[in-house]
Amino acid sequence: MSYQNFSLKQLQEIDAGHHLHPFTDHKELRAVGSRMIVRADGPYIYDSEGNEILDGMAGLWCVNAGYGRTELAEAAYEQMKELPYYNSFFKCSTPTPVLLSKKLAEIAPANMNQVFYGSSGSEANDTALRVVRRYWALEGKPRKNRIISRKMAYHGSTIAGASLGGMSHMHEQLGGAVPNIVHVMPPYSFELAEPGESEHDFGIRAARAVEDAILEAGAENVAAFIGEPIMGAGGVKIPPESYWPEIQRICRKYDVLLMLDEVITGYGRTGEWFAAQAMGIEADTITTAKALTSGYQPLSALFIGDRIARTLIDKGGEFFHGYTYSGHPVACAVALKNLEIIEREGLVDRVRSDTGPYFRKTLMERLSGHPIVGQVRTVGLLGAIEIVADKETRERFQPSGSAAVKVRDHAIAQGLMMRATDDTMILSPPLIWTRETIDIAAARIERALDLAAADLGRM
Ligand code: PMP
């Protein structure tokens, strides 16, 4: 059945009649109707009304190889014809997850040699939580099970994912979080640094909040610290350079495991395969998903470091955990082809040495002087723009978040998909963006900022 037989209005009515969307005010959506994205090619998405929109978010931070990759469709088709599905339970395997695991071990940090597959980042973080707690239980320390996370963190939307995350509005709707997870301050200097406090000092202070939480619980009760190298959904919060080395020192000192969530930063976004490599972080687990397949298939891979893996394998007996789609052969075939494309086209190197620096320079030069912009920050092809009412005091427009939504709506109308989180505009484009694409995006953002500023009476 082709959607082309339906008008936009008909599709919207059916959508409203039967489809509850994720992270959506359902009543509000029913009042306006969904925008129907119907196809995509390269860096562009197209809606049912024929509008061409440059996708500044790579879907949901995932389409790193860009749209329209027939090679990925062919990889899926070939695998589906040969073996659409078989499980990895009961001493069985299929070839594509085997080969993908080898490839992943090659590109990951040296101590990451085992992967556990799921279909989403949330599932992978659920696995990560089980694995670290199980590790300590197997090591004879079952009480060492507290997890330290950060406020504003996003680790997924299952009960474990939302409990690990630090979004208070999500906690309110949980109806009971996974116990023994605490949240400390995030390394978000733009709002949390004291007047006159240097970036370096703020980074150390934010990391010491983790140490305080360890001391409060007693190190013998703390299993792990979990963090996104760069907080993504919480607003692309890039920590000061002093933050992660201090976190690493603290974790080592108290023998607290370090869990990295690279669901957004993995697979080239920062200009290395993983942010762990870009930022010199040595982790015990690394959660990945999204760009592993460039979003063409749902797939997550949790890397489990040698220290934990040895215990799980040697002492663990049967691990009562896994998903029907763990190591799905089609998803893994697509992942293998996706990594091959990223490698063949040198997309990671390009972000590191060319487009990443150009993205930073262009956004800084063109946007940071704008009257409603308080800060521009980037790493690789990940960017954030803080919207403020007053550049000096960093006072925000009221009500909170309303100005950023105006910028976003103008950006989309100008032909650029970007996202607003509170008062922060976010960009996470496909890694295929060129200097020319960056120029086009910057011009559209500039125009959207001007229009929003005019709406807000600032221009
Ligand atoms: N961790 C991080 C850092 C994420 O950004 C996300 C999704 N945005 C998740 C976990 C959850 O992934 P999923 O939506 O695939 O469950």
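- The name given to the protein chain in an unreviewed UniProt entry is Putrescine aminotransferase, with the source organism recorded as Mesorhizobium australicum.
- The UniProt entry for the protein chain carries the following comment under Sequence similarities (unreviewed entry): "Belongs to the class-III pyridoxal-phosphate-dependent aminotransferase family."

**Points about the overall build of the protein chain**
Stage number 1. A count of helical and extended segments in the protein chain gives 17 helices and 15 strands.
Stage number 2. On C-alpha atoms alone, the protein chain measures out to a radius of gyration of 22 Å, which is about the 23 Å that the 2.2 N^0.38 rule sets for 459 residues.
Stage number 3. Taken along its principal axes, the extent of the C-alpha atoms in the protein chain is 65 × 60 × 45 Å.
Stage number 4. Looking at the protein chain residue by residue over its 459 residues, the buried ones come to 49%.
Stage number 5. Across the protein chain, every contact between residues at least 6 apart in sequence was considered, and the portion connecting residues at least 24 apart equals 72%.

**As for the environment of E71**
Stage number 1. Relative to the assigned elements, E71 resides in helix α4 (residues 70-82).
Stage number 2. The spacing of E71 and G118 is 47 residues in sequence and 23 Å in space, taken between C-alpha atoms.

**So, α4**
Every α-helix carries 3.6 residues per turn, so stepping three or four residues along brings you back to the same face.
Stage number 1. The terminal C-alpha atoms of α4, which comprises 13 residues, lie 18 Å apart, in line with the 18 Å expected from a rise of 1.5 Å per residue.
Stage number 2. Of all the positions in α4, only L72, A75 and Q79 are classed as buried. On an axial view of α4, the arc spanned by its buried residues comes to 55 degrees, and they lie on one face. Turned more than 90 degrees away from the buried face of α4, the exposed residues are T70 and K81.
Stage number 3. For α4, the secondary structure elements touched by its buried residues are α5 (95-107) and α14 (329-344).

**Looking at the nonpolar core**
Stage number 1. Of all hydrophobic cores here, the largest spans 127 residues; its most connected members are V132, A224, F225, M259 and V407.
Stage number 2. Each of domain 1 (35-68 + 346-455) and domain 2 (71-344) accounts for three or more of the residues forming this core.
Stage number 3. Contact partners of V132, with chain neighbours within four places excluded, come to A223, A224, L257, M259 and T285.

**Remarks on the site of the ligand**
Stage number 1. Residues in contact with the ligand amount to 15 residues; listed here are only the nearest, S120, G121, S122, G156 and V263.
Stage number 2. Per element, the largest residue contribution to the shell around the ligand is three residues, and it comes from helix α6 (residues 121-138).

**Some details on the environment of I445**
Stage number 1. With respect to the secondary-structure elements, I445 resides in helix α17 (residues 435-455).
Stage number 2. For I445, a count of 28 C-beta atoms within 10 Å gives the class buried.
Stage number 3. In the structure, I445 is positioned 56 residues away from A389 in sequence and 17 Å away in space, judged by C-alpha atoms.
Stage number 4. Apart from the residues within four sequence positions on either side, I445 is in contact with L367, A411 and L416.

**With respect to the sheet that holds strand β2 (residues 44-47)**
Strand pairing in a sheet relies on backbone hydrogen bonds, with the paired strands running either antiparallel or parallel.
Stage number 1. Strand order in the open sheet made by the four strands is β1-β2-β3-β13, with mixed pairing throughout. Looking along the sheet, the strands with just one partner apiece sit at the ends: β1 (37-41) and β13 (416-417).

**Quick look at the sheet that holds strand β11 (residues 373-379)**
Stage number 1. Across the sheet, four strands lie side by side as β11-β12-β15-β14; this open sheet has antiparallel pairing. Bordering the open sheet on either side are β11 and β14 (419-421), each of which pairs with just one other strand. For this sheet, the mean inter-axis angle between neighbouring strands, taken without regard to orientation, is 25 degrees.
Stage number 2. With four bridges connecting them, strand β12 (residues 382-387) and strand β15 (residues 424-427) associate as antiparallel partners. From the neighbouring strand, I385 faces β15, where its bridge partner is M425.
Stage number 3. Seen against the sheet, helix α15 (residues 347-367) touches β11 and β12 and runs at an angle of roughly 175 degrees to β11.
Stage number 4. Packing of helix α16 (residues 402-413) onto the sheet brings it into contact with β12, β14 and β15, and relative to β14 it is tilted by some 175 degrees.

**Side note on the domain arrangement of the protein chain**
Stage number 1. When its domains are assigned, the protein chain resolves into domain 1 (35-68 + 346-455) and domain 2 (71-344).
Stage number 2. When each unit is reduced to the centre of its C-alpha atoms, the spacing between domain 1 and domain 2 is 26 Å.
Stage number 3. Contact with domain 1, which involves 26 residues of that partner, is made by 23 residues of domain 2.
Stage number 4. Residue assignment for the side of domain 1 that touches domain 2 shows that the elements contributing at least two residues are α3 (58-61), α15, β11, β12 and β15.

Rules used throughout
- Residues numbered from 1 in each chain as written.
- Predicted model: local features only at pLDDT ≥ 70, side-chain atom pairs only at ≥ 80, totals over all residues.
- UniProt positions renumbered as here; feature names shortened; annotations may be inferred.
- Helix = DSSP H or I, 4+ residues; strand = E, 2+ residues; numbered from the N terminus.
- Rg over C-alpha atoms; globule rule 2.2 N^0.38 Å.
- Buried ≥ 20, exposed ≤ 12 C-beta atoms within 10 Å, placed from the backbone.
- Contact = placed C-beta atoms within 7 Å.
- Expected span 1.5 Å × (residues − 1).
- Arc of directions from axis to C-beta.
- Core = buried A, V, L, I, M, F, W, Y, C linked by C-beta atoms within 7 Å.
- Domains from an automatic or database assignment.
- Near = placed C-beta within 6 Å.
- Pairing = 2+ DSSP bridges.
- Axes fitted to C-alpha atoms, helices over the stretch in contact; angles between N-to-C directions.

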